[in-house]
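Descriptive structure summary
Here is how the chains run, residue by residue.
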Amino acid sequence: MKSNTSGRGRSILAHTVLIILSFMCLFFFYILFINATRSHADLQKGFSALPGSYLLKNLNSVANDGSFPMFRGIINSLIVSGCSAAICTYFSALTAYGLYVYDFKLKKVAFTFIMAILVMPTQVTAMGFLRLITNMGMYDSLLPLIIPSIASPSVFYFMYSYLQSSLPLSLVEAARIDGSGEFWTFNKIVLPIMKPAIAVQAIFSFVGSWNNYFVPALVIQSKNKMTVPILIATLRGADYMNFDMGKIYMMITIAIVPIIFVYLLLSKYIIAGVTLGGVKE
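On a predicted model such as this, the values are computed, not experimentally measured, just so you know.

Once that is clear, we can look at unusual backbone geometry. In this model, Asp140 sits at a positive phi of 60 degrees, which is unusual for a non-glycine residue. Within the fold, Asp140 resides in the loop between α6 (126–135) and α7 (143–146). Judged by relative accessible area, Asp140 falls into the buried class, the value being 15%.

Right, dumping it as C-alpha cells:
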C-alpha cells in the first residue's frame, strides 16, 4: 500500500513537472502569435494575453510590401535549408560509413583532422571564405550557402557514433560476398538502417540553415536572394518613423511555420535517433 502511494506520488510529480515545462516552452509561441495579431500602437502599450484584430492586416502589410519580398525570402530559405539538410546528412553518412567500414593507414589521422575542424569557429575563416567565393564567381548567390554543408564534422561524428552502435560489419561483409557494390550496399542497406539518425540530423541541419544569419549576410546583397533572417533584420532596422513591430512579429510567425512542419514530419524518428546507447552486437 505504501509502495503504491509512493509510486502514485512520483507519477503526479513527474506529470506536474512535464506540464510546467511544456507550458514554459509553448508560452513563447503563444505570445508570438498574440503579438502578430496586434498593431504597433497596441504593442507599445504593453503585454496582452488576448489576441488583437490586426492579424490579416499585418499579414497583408508584410505580403504586399514592395520593398520586402517575403514570399521570395521564404522560397530562398526553403531552397537553401532543404538542399543543405539533404547533402549534409547524405555525405556525412557516406563519410562516416567510409571511416567505419574501411581500414587504412591514415584512418585515425583522417578522423582526428575532421574532429579538429569541429572546434574551428565559422568567424575565423569568414574573410578567407568570402575571398574564395568571390574569386570563384559565386558572390551574391545561394550556392555558397548550400555547398559548404557537404562538410559537417558534427553531423559526421553523430553518424559515426550511430554506425558503431547499429551497423555490424558482418552485414557489410555478407553484402560483399553476395556481389553487392559499395555504393549499392550503402544506399540500399546502410541508409535504411541509419534512417533515424538521418532524420534527426536533417531536422537540426534544416533549422540551423534556416536560422543562419551570419553567412547569408556576408555573401548576399540582392534583395531577391535574401533569406528569411536577413529580411527580418531588414524590417527591424527600418526607419523609426516607418517601423512596425506588428509586421516583425507576423514575419517571425510565418518564418517558424516551415520549421514546425519539418519537425512534425520527422519527429517520430527523434526518439529512435537519439537513443544511441544500445549494446553493439
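Now that the structure has been shown, we can carry on.
Interhelical geometry of helix α4 (residues 70–101) versus helix α10 (residues 182–193) gives an angle of 110 degrees and a closest axis separation of 12 Å. Between α4 and α10, the angle is such that the two are roughly perpendicular. For the element pair α4 and α10, the recorded crossing hand is right-handed. Contacts between α4 and α10 pair Tyr90, Ala93, Leu94 and Tyr97 from the former with Glu182, Phe183, Thr185, Phe186, Asn187, Val190 and Leu191 from the latter. Among the residues forming the contact of α4 with α10, the class breakdown is 8 nonpolar, 2 polar and 1 charged.

Let us now look at α10. The end-to-end C-alpha distance of α10, which contains 12 residues, comes to 16 Å, matching closely the 16 Å that a straight helix rising 1.5 Å per residue would cover. Listed in full, the buried residues belonging to α10 are Thr185, Phe186, Val190 and Leu191. Taken end-on, α10 shows its buried residues confined to a sector of 150 degrees, consistent with a single buried face. In this structure, the buried residues of α10 make contact with α4, α8 (153–166), α9 (169–177) and α11 (195–211).

With respect to the helices, strands and loops of the structure, Met194 is situated in the loop between α10 and α11. Linking Met194 and Leu167, residues 27 residues apart in sequence, is a C-alpha distance of 8.6 Å. If near-sequence neighbours (up to four positions away) are discounted, Met194 is found in contact with Ala93, Met159, Tyr162 and Leu163.

Parameters and conventions
Residues numbered from 1 in each chain as written. Predicted model: local features only at pLDDT ≥ 70, side-chain atom pairs only at ≥ 80, totals over all residues. Heavy atoms only, no water. Helix = DSSP H or I, 4+ residues; strand = E, 2+ residues; numbered from the N terminus. Buried < 20%, exposed > 50% of the residue type's maximum accessible area, 1.4 Å probe, protein only. Axes fitted to C-alpha atoms, helices over the stretch in contact; angles between N-to-C directions. Parallel < 35°, antiparallel > 145°, perpendicular 65-115°, else oblique. Left-handed = near helix turned anticlockwise from the far one by under 90°. Contact = heavy atoms within 4.5 Å. Nonpolar A, V, L, I, M, F, W, Y, C, P; charged D, E, K, R; others polar. Expected span 1.5 Å × (residues − 1). Arc of directions from axis to C-beta.

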